[in-house]
Amino acid sequence: MASTLSDFLCHFVNKLNLEYQAALSDLTEEQLYHRVNDRTCHIAFHAWHWLRSEDSVINFVLQERKPPVWLRQGLDAQWGLPKVAQGTGMSQAEAHALRVPSVQALVQYAQDVHADVMGYLESASPEELFSVTEMKPFGIQPKLQHIGQGVLTHGPFHLGQIQAMRAVQGLPGDEG
């Protein structure tokens, strides 16, 4: 049972990260890019978008513009994907065209982001979490609210889309 605010955040961010890794780890390339129709995005887009969001919110926004894992590892250049953009506002054509090097590379990025953000969350004091900072487009609000909005409510939304895309392909997923 969580005894501090930091423990609470660590519990749920950890759970979410591990669920993303599990949802991705057994996919083939074909399954990663499967789309039901022209209005849906593939699993790779949903996972990349949320991982980039988590990385940017917790690293760049909350930690005084600390470069996210994405930039520290040079993944933008290695993967040929945007340096700053993370999918928000991307056209459907751009989202459909998005490609990552491999399932393993995406899972590795998920693991690296997970390890990196957990360090911050484990050490964040209540004073740190209630201090305010600006995140566009949500404005100036407490860091805790940015975590809630950009990570803890955003992440399950995209994970649900990933689970639905797994289900339509007949893959096992979170049936609970």
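You'll find the structure just up there.
In this report, we go over the structure that sits alongside the text. This structure is a prediction, so every number in the text was calculated from the model and none was measured.

Looking only at helices and strands, one finds 10 helices and two strands in the chain. Taken from the N to the C terminus, the helices and strands of the chain come in the order α-α-α-α-α-α-α-α-β-β-α-α. For the chain, the spread of C-alpha atoms along the principal axes amounts to about 45 × 35 × 25 Å. Sorting the 176 residues of the chain into buried and exposed places 45% on the buried side. Counted over contacts in the chain with a minimum sequence separation of 6, partners at least 24 positions apart contribute 69%. Carbon and sulfur atoms make up 56% of the accessible area of the chain, which amounts to about 8,800 Å² in all. Between the averaged position of the 12 positive side-chain charges in the chain and that of its 19 negative side-chain charges there is a distance of 6 Å.

By the secondary structure assignment, G87 is in the loop between α5 (75–79) and α6 (92–97). When the C-alpha atoms of G87 and D7 are compared, they prove to be 30 Å apart, with 80 residues separating the residues in sequence. The contact partners of G87, leaving out residues within four places of it in the chain, are F45, W48 and H49.

Turning next to the environment of F60. Looking at the element boundaries, F60 is found in helix α3 (residues 43–61). Take F60: its relative accessible area is 35%, and that puts it in the partly exposed class. Separated by 103 residues in the primary sequence, F60 and Q163 have C-alpha atoms spaced 28 Å apart. Beyond its immediate stretch of four places on either side in the chain, F60 contacts D55, R65, K66 and P68.

Let us look at unusual backbone geometry. Here the residue pair K136 and P137 is connected by a cis peptide bond, since its omega of 5° sits within 30 degrees of zero. Mapping P137 onto the fold places it in the loop between β1 (132–135) and β2 (139–142). The phi angle at E64 is positive, at roughly 55°, despite the residue not being glycine. Inspection of the secondary structure puts E64 in the loop between α3 and α4 (69–72).

Side chains of nonpolar character tend, in soluble globular proteins, to be buried together. Residues L32, W79, L106 and L121 are the most contacted members of the largest nonpolar core, which totals 50 residues. For this core, the element with the most residues is helix α7 (residues 103–123), which contributes 11 residues. Among residues more than four places away in sequence, those in contact with L106 are L24, L32, A44, A47, W48, L51, W79 and V100.

For the rest of this paragraph, the subject is the environment of V69. Structurally, V69 is set in helix α4. For V69, a relative accessible area of 4% translates into the label buried. Measuring from C-alpha to C-alpha, the distance between V69 and S56 comes to 8.4 Å, with 13 residues separating the pair along the chain. Leaving out residues up to four positions away in the same chain, V69 has contacts with D55, N59, Y109, D112, V113 and D116.

It is worth spelling out the pattern of salt bridges at this point. In this structure the tally under the stated criterion is seven salt bridges. Ionic pairing is found between D26 and R166, a salt bridge with its closest N-O pair at 2.8 Å. Residue D26 is located in the loop between α1 (5–25) and α2 (29–32), and its partner R166 is located in helix α10 (residues 154–168); the two are separated by 140 residues in the primary sequence. Classification of R166 by relative accessible area gives buried; the value is 3%. A salt bridge links K143 to E64, with the shortest nitrogen-to-oxygen separation between them at 3.7 Å.

About the cut-offs
- Residues numbered from 1 in each chain as written.
- Predicted model: local features only at pLDDT ≥ 70, side-chain atom pairs only at ≥ 80, totals over all residues.
- Heavy atoms only, no water.
- Helix = DSSP H or I, 4+ residues; strand = E, 2+ residues; numbered from the N terminus.
- Buried < 20%, exposed > 50% of the residue type's maximum accessible area, 1.4 Å probe, protein only.
- Contact = heavy atoms within 4.5 Å.
- Areas by Shrake-Rupley, 256 points an atom, 1.4 Å probe, with all protein chains shown as cover.
- Lys, Arg positive; Asp, Glu negative; His and termini not counted.
- Charge placed at Lys NZ, Arg CZ, Asp CG, Glu CD.
- Core = buried A, V, L, I, M, F, W, Y, C linked by side-chain atoms within 4.5 Å.
- Salt bridge = Lys/Arg side-chain N within 4 Å of Asp/Glu carboxyl O.

Function cannot be read off these values alone, since they describe shape.
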